[in-house]
Amino acid sequence: IIFSNQAVVTQRNGKLCLIIRIGDLRDDNFILGTQISAKLLRRRISQEGEIYQEMKSLNVTPDTTDESCIFFVWPLDIVHVIDEDSPFYEMSAADVAKERFELLVVMEGTNETSNMTFQARTSYLPQEILWGHRFEQMLLYRRDHNKFQVNFSAF
């Protein structure tokens, strides 16, 4: 399992979205009981002056709570819509660049072939979130082979 080196913030279907790309380099592409979660971690100071770690969950699609498995035919975009419920809602591109936080993304599941559970995770710092960018198209149609191919070098 690989994650994109950066996350992007872009418009998708008229909504501002934070997008992370996940890919599976294995030939066996079924992952059972998949759970994908994203959390924003940052240091906060209470009104009383106490320093604590705040952890906020981000709503992401696909919503894996209702899925029995994810089939990775090609890379999957994990999308967080930046709406009123998002911790990014009040932030501009400049705010994100100067904020101090870490965005943690975790994927857990069971390999269908071996029946072994696994966890893959990554994190993004503010400088790894590219505002106003899009991911490069990775799916290519190979006429000479009469099939689609994923260009993982564009990850």
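Residues numbered from 1 in each chain as written. Predicted model: local features only at pLDDT ≥ 70, side-chain atom pairs only at ≥ 80, totals over all residues. Heavy atoms only, no water.

Caption draft 1: Quick look at the overall build of the chain. Broken down by element type, the chain carries one helix and twelve strands. Overall, the chain is about 65 × 35 × 25 Å in size when its C-alpha atoms are taken along their principal axes. Scored against the burial criterion, the 155 residues of the chain give a buried share of 35%. In the chain, once contacts between residues fewer than 6 apart in sequence are set aside, the share between residues at least 24 apart is 59%. With the model as given, the accessible surface of the chain reaches about 9800 Å², and the carbon-plus-sulfur share is 46%. Taking the average location of the 16 positive side-chain charges in the chain and that of its 22 negative ones, the two points are 5 Å from each other. (Helix = DSSP H or I, 4+ residues; strand = E, 2+ residues; numbered from the N terminus. Buried < 20%, exposed > 50% of the residue type's maximum accessible area, 1.4 Å probe, protein only. Contact = heavy atoms within 4.5 Å. Areas by Shrake-Rupley, 256 points an atom, 1.4 Å probe, with all protein chains shown as cover. Lys, Arg positive; Asp, Glu negative; His and termini not counted. Charge placed at Lys NZ, Arg CZ, Asp CG, Glu CD.)

Caption draft 2: Layout of unusual backbone geometry. The peptide bond linking Thr61 to Pro62 adopts the cis configuration, its omega dihedral lying at 5°. Relative to the helices and strands, Pro62 resides in the loop between strand S5 (51-58) and strand S6 (69-71). One non-glycine residue, Asn13, lies in positive phi territory at about 55°. Structurally, the position occupied by Asn13 is in the loop between strand S2 (7-12) and strand S3 (15-23). Among the residues examined, Asn13 registers a relative accessible area of 76% and is labelled exposed. A positive phi angle is found at Asn146, which is not glycine, with a value near 55°. If you trace the backbone, Asn146 turns up in the loop between strand S11 (139-142) and strand S12 (147-150). Residue Asn146 is classed as exposed on the basis of its relative accessible area of 58%.

Caption draft 3: Spotlight on the nonpolar core. One finds Leu18, Ile20, Phe88, Leu103, Tyr124 and Ile129 to be the most contacted residues of the largest nonpolar core, which totals 24 residues. Among the elements of the structure, S2, S3, strand S4 (30-45), strand S8 (102-111) and strand S9 (117-124) are those that each provide at least two residues to this core. If we skip the residues at most four places from it in the chain, Ile20 touches Phe3, Ser4, Ala7, Leu76, Asp77, Ile78, Leu103, Val105, Tyr124 and Phe135. (Core = buried A, V, L, I, M, F, W, Y, C linked by side-chain atoms within 4.5 Å.)

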